[in-house]
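The primary structure of each chain is shown beneath.
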Amino acid sequence: MAPASEAQRNAPGATLAGTDTRFAVHPKTGELVWKHQTLRADNWDQECTFEMMVINTPVNPDAAATGMLSINPDARKGPRKTITGIPCKTGIAWSFDAANGEFLWAKQTVEQNLVAKIDPKGQVTVNEDMVMKDVTKTYAICPTYAGGRDWPMGAYSPKSNVFFVR
C-alpha cells in the first residue's frame with residue numbers, strides 16, 4: 001500500500017483525478033460517456049470500486065430521509081434508469097442517471113467523518129480536519145481504511161426496491 005495522505009505524497013490539495021471515480025463507457029467502443037468523482041483527494045484509502053447496478057426505479061429522493069447527505073432538487077422526478085451504488089468504503093451510497101450521469105442523491109449508511117458535505121450537484125467537500133497534514137499527529141477517522149463496507153457483495157431486489165449488503 002502506498003502513502004495515501006496529501007502530506008505523505010507531498011501533494012497538498014491534489015485531487016488525484018480518476019481515483020474514487022465512477023465511469024460510464026459505451027460498451028462497444030469504450031468511449032467515455034460520463035464520469036463522477038465521489039471523493040476528491042482520497043487521503044484515507046477509501047476507494048469506490050464496488051458494484052453499481054443499473055436499475056429501473058422511481059426517482060424521488062426525500063431530503064428529510066434518514067442519512068441523506070445530498071439530493072439534486074432539480075432532478076426530474078419519476079421512473080428512470082439509474083446507476084445506483086452499493087455503498088463505497090466511505091459508507092456512502094450514490095445514485096446517478098444512467099444515460100447522462102446526472103447526480104441524483106447520496107445517502108450515508110454508516111457513521112463517517114471524512115466527507116463534510118455533498119452539494120446538490122454531487123460535488124464533495126472533504127472534512128479538512130481529517131486530512132493528515134502533520135504525520136506526527138493521530139487522526140481519528142471513520143471509517144478506517146477497512147471501510148464502512150469492504151468485500152461482501154451486494155444485491156438488489158427489484159420487488160422491494162431495496163439494496164442488501166452483508
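Residues numbered from 1 in each chain as written. Predicted model: local features only at pLDDT ≥ 70, side-chain atom pairs only at ≥ 80, totals over all residues. Heavy atoms only, no water.

K.L.:
What exactly am I supposed to notice about the nonpolar core here?
P.N.:
If you look at the biggest cluster of nonpolar residues, it comprises 20 residues, and the most contacted ones within it are W44, W94, I118 and V124. Mapped onto this core, the elements with two or more residues apiece are strand 6 (92-97), strand 7 (103-108), strand 8 (115-118) and strand 9 (124-126). If you look at the next biggest cluster of nonpolar residues, it comprises seven residues, including V59, M68, I71 and L104. (Core = buried A, V, L, I, M, F, W, Y, C linked by side-chain atoms within 4.5 Å. Buried < 20%, exposed > 50% of the residue type's maximum accessible area, 1.4 Å probe, protein only. Helix = DSSP H or I, 4+ residues; strand = E, 2+ residues; numbered from the N terminus.)

K.L.:
Can you help me understand the pairing of strand 6 in this one?
P.N.:
A regular strand places its side chains so that they alternate between the two faces of the sheet. Counting buried residues in strand 6 gives six out of six residues, a clear majority hidden from the surface. What you see with strand 6 is no split at all: I92, W94 and F96 on one side and A93, S95 and D97 on the other are buried throughout. Alignment of strand 5 (residues 78-85) against strand 6, held across three bridges, turns out to be antiparallel. What sits directly across from T84, in strand 6, is S95. The turn joining strand 5 and strand 6, which pair antiparallel and follow one another in sequence, is formed by six residues; a positive phi near 85° is taken by G91. Where strand 6 and strand 7 come together, five bridges link them in antiparallel fashion. Within the sheet, the bridge partner assigned to S95 lies in strand 7 and is W105. What sits between strand 6 and strand 7 in their antiparallel hairpin is a turn of five residues, with G101 showing a positive phi close to 80°. (Pairing = 2+ DSSP bridges.)

K.L.:
Explain unusual backbone geometry to me, please; I cannot follow it from the model alone.
P.N.:
Peptide bonds are, in most cases, trans, and in most cases residues other than glycine have a negative phi. The amide bond that connects C142 to the next residue, P143, takes the cis arrangement and shows omega of 0°. Assignment of secondary structure puts P143 in the loop between strand 9 and strand 10 (154-157). Here the phi dihedral of D20 falls at roughly 50°; this positive angle occurs in a residue that is not glycine. Its place among the elements puts D20 in the loop between helix 1 (6-9) and strand 1 (21-25). Residue classification places D20 among the buried residues on the basis of a relative accessible area of 6%. Here D45, not a glycine, exhibits a phi torsion of approximately 60°, which is positive. Looking at D45, the relative accessible area reads 21%, which means it is partly exposed.

Remember, this is a structural readout, not a statement about activity or role.
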